[in-house]
Every structure is written in structure tokens, then in C-alpha cells.
Amino acid sequence: MSNTQKQPADVPPEEIFRIENLTMAYGDYVVMRDLNFTVGRGEIFFIMGGSGCGKSTLLRHMIGLIKPAKGTIFFRGKNFSDAPEKEKIEMLRQFGVLYQGGALWSSMTLAENVSLPLREFSNVSEREAADIVDLKLSLVGLNGFGSFYPSEISGGMCKRAGLARAIALDPLVLFFDEPSAGLDPVSSHRLDELIVQMRDSLGATIVVVSHELASIFDIADRAIFLDTATKTQAAIGSPKDLLNSGNKDVRVFLNRGVDPRAEKESVL
């Protein structure tokens, strides 16, 4: 669990996302149905579940790449799903996204990649943009690497460069899609620490798609479990609480294929 200061128990965090009765589908094929949850400001919120359950699909719905088949996604109390285009663009400017591979343009240097959101969505000067790029690269431990191309650095460094680009506009919400994919355990742990740092330094809300248990237990405040069998959410809560969930599939997932409740009963 991360070490951020918590609000008093009787003061709920500001609601950043509220998902109501969400059904996700591709044509007639339903991926998940009846999803209902909230994400509070400053939370590190994980979307977890087995392979193919719809974790990344849910993230794409939350960032507006896919329209809900049914239900509504609210962002800061406003209907994000059906917002007029101009209003939706203003909401999207408050999002930063790190995709699995970093999604860097191979023909551009790291500095050029990081500067893209600034050139597209801000009116800063060339000098100001260069200063911001240097700052963002420094924040992710890539000071001095601005002139490098993605092919000249490691996979872990590409992820960090992608994160620098994601935070270029100081977003309110940061989304991570399988951030540890392809990384060794040490690099994965460093990325987890960086995610917490981004939350603490930027005051950002973090939404992470992952099935990496080490990350879930180390940094998640809360998590939602998507169940492929029932095609809906099976549980939501802190990782510690979900270890003893009333849902067997959740317990087995978080205990690496073992149901501690069943083992206890067999001993008795």
C-alpha cells in the first residue's frame, strides 16, 4: 500500500469517475455488463482480472476510445460518455495515458515525443516547451536522454519516456495499461515507485490495468475484479480486503491459484 496521507474517514474523496450500469460490447458480443464503481481523487485504482476479461477494454471506455453499449461514464460529475465534442476534448486534456509499449514515435527523439502534447494542446513558446520537456524527462529519471531515439534505449526507459509524455500537461488523471508488461522485476518495482511519485507530486488520480500481484499489493488503494465467467464485476475494495473476498475466484486469483479458505477447511 502506498504511503500517501489519507483524508479523515468521515471525509470522502472527491469523486473523479463514476461508472453506472456500464455494458461493454463489440457488436452482439458482450464483454462485461452491469459495471458500477467510483474512483476518488488521489486514488491508485487497479482494474484486475484474468486474461481476456476486458480490463483494457474498460480503460478504453474510460478514456473515450470506445462508446458504452449501455450505461454512463461520469467524469467529475459530468456525463463523459455523451458529452458534446468540444466539452469532451476539454475533459480529455485532463487525461494522460501510458500504453503497454510506451507508444513512442520511433522517428522522433524522446524530447520530440514528450513535446507532442504541448504542441497540440497548449500555447507555450518553443523555449517554454523545451523547459517543460526537460523537467518531465528529469521527473522520470531520463535527464540528458532527450536527444535519444526510442531504438537507442531499453524497454523500461521507453516506458518512462512514455510516462514523461503522459504527464506533459500535468493531467488530473493518469491511465496505465499493463505498465509492467515486458519488464524485469526490478524495473517493474521502479515503475511502481514512479507511479506513486506521480500521484504524490502531481496530485493525480491513477487508474492501472494490471494482473501483476506484486504491484497490486504494493501500491493499490482499491481494485475492481472483472470476472470472465459471470461477465461482470465480482468484487471491489482494498487488496487486503479482497484477499478474504466472499468470491472464490477473487481469492484464488490473489493467492496465486490457491484458495486459503478451502485449505483451512480441509485442515479442520
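Fair warning: this is a prediction, and the values are worked out from it, not measured in the lab.

Engineer: Would you take a moment to explain the pairing of strand β7 (residues 173-177) for this structure?
Structural biologist: Each regular strand carries side chains that alternate between the two faces of the sheet. Within β7, 5 of the 5 residues are buried, leaving the element largely enclosed by the surrounding structure. Where burial is concerned, the two faces of β7 agree: the one with Val173, Phe175 and Asp177 and the one with Leu174 and Phe176 are both buried. Inspection of the sheet shows strand β6 (residues 95-98) paired to β7 by 4 bridges, in the parallel sense. Bridge pairing in β7 links Gly96 to Leu174. Taken together, the 5 bridges between β7 and strand β8 (residues 205-209) define a ladder with parallel strand orientation. Bridging from a neighbouring strand, Phe175 pairs with Val207 of β8. Once the chain exits β7 it traverses helix α6 (residues 185-202) before rejoining the sheet at β8, and the crossover so formed is right-handed.

Engineer: I'm lost on the sheet that holds strand β1 (residues 15-26) in this one. Help?
Structural biologist: Through backbone hydrogen bonds, the strands of a sheet pair up, either in parallel or in antiparallel fashion. One open sheet accounts for 4 strands, arranged β2-β1-β4-β5; its pairing is antiparallel. In this open sheet, the two strands that pair with only one neighbour each are β2 (29-40) and β5 (78-79). Two strands pair when backbone bridges link them, and strand β4 (residues 70-75) and β5 are joined in this way by 2 bridges, in the antiparallel orientation. Its bridge partner lying in β5, Phe74 is registered against Asn79.

Engineer: Whenever I open this one, the packing of helix α3 (residues 110-121) against helix α4 (residues 126-139) confuses me. Can you help?
Structural biologist: Two quantities define a packed helix pair, namely the angle between the axes and the distance from one axis to the other. As a packed pair, α3 and α4 sit with axes 9 Å apart at the nearest point and diverge in direction by 125°. Comparing the axis directions of α3 and α4 gives the class oblique. Viewed along their axes, α3 and α4 form a crossing whose handedness is right-handed. In contact with Ala111, Val114, Ser115, Leu118 and Arg119 of α3, α4 contributes Glu126, Ala129, Ile132, Val133, Lys136 and Leu137. Taken together, the residues of the contact of α3 with α4 sort by class into 7 nonpolar, 1 polar and 3 charged.

Engineer: For this particular structure, what's the right way to read the packing of aromatic side chains?
Structural biologist: The geometry of an aromatic ring pair comes down to the distance between the two centres and the angle between the two planes. For the coordinates displayed, the defined rule picks out 9 aromatic pairs. Geometrically, the ring pair formed by Phe17 and Phe75 is tilted, given 5.3 Å between the ring centres and 45° between the ring planes. Residue Phe17 is located in strand β1, and its partner Phe75 is located in strand β4; the two are separated by 58 residues in the primary sequence. Ring geometry for Phe75 versus Phe95: centroids 5.0 Å apart, planes at 90°, classification edge-to-face. Here Phe95 lies in strand β6 and Phe75 lies in strand β4, a separation of 20 residues in the sequence. As far as burial versus exposure is concerned, Phe75 and Phe95 are alike and both buried.

Engineer: Quick question: what am I supposed to make of the environment of Val124 here?
Structural biologist: Mapped onto the elements, Val124 comes out in the loop between α3 and α4. If sequence neighbours within four positions are ignored, Val124 has contacts with Leu118, Ala129 and Ile132.

Engineer: Honestly, the nonpolar core in this entry has me stumped. Any pointers?
Structural biologist: Buried together is how nonpolar side chains tend to be arranged in soluble globular proteins. The biggest cluster of nonpolar side chains holds 44 residues, and the ones touching the most others in it are Phe46, Met48, Leu163, Leu174, Phe176 and Ile206. If you tally residues by element for this core, the top one is helix α5 (residues 155-166), at 6 residues. Contacts of Met48, omitting those with residues within four sequence positions, involve Cys53, Lys55, Ser210, Ile216, Ala223, Ile224, Phe225, Leu226, Leu242, Phe253 and Leu254. Formed by 30 residues, the second largest nonpolar core is a distinct cluster that contains Met32, Ile73, Phe80 and Phe175.

Engineer: What exactly am I supposed to notice about helix α1 (residues 55-62) here?
Structural biologist: At 3.6 residues per turn, the α-helix brings residues three or four places apart onto the same side. Counting buried positions over the 8 residues of α1 gives 7, a clear majority of the element. Listed in full, the buried residues belonging to α1 are Lys55, Ser56, Thr57, Leu58, Leu59, His61 and Met62. Two residues or fewer after α1 comes Gly64, characterised by a positive phi angle close to 85°.

Calculation rules
Residues numbered from 1 in each chain as written. Predicted model: local features only at pLDDT ≥ 70, side-chain atom pairs only at ≥ 80, totals over all residues. Heavy atoms only, no water. Buried < 20%, exposed > 50% of the residue type's maximum accessible area, 1.4 Å probe, protein only. Helix = DSSP H or I, 4+ residues; strand = E, 2+ residues; numbered from the N terminus. Pairing = 2+ DSSP bridges. Right-handed = clockwise from strand over helix to strand, strands pointing away. Axes fitted to C-alpha atoms, helices over the stretch in contact; angles between N-to-C directions. Parallel < 35°, antiparallel > 145°, perpendicular 65-115°, else oblique. Left-handed = near helix turned anticlockwise from the far one by under 90°. Contact = heavy atoms within 4.5 Å. Nonpolar A, V, L, I, M, F, W, Y, C, P; charged D, E, K, R; others polar. Phe/Tyr/Trp six-rings, centres within 6.5 Å; stacked < 30°, edge-to-face > 60°. Core = buried A, V, L, I, M, F, W, Y, C linked by side-chain atoms within 4.5 Å.

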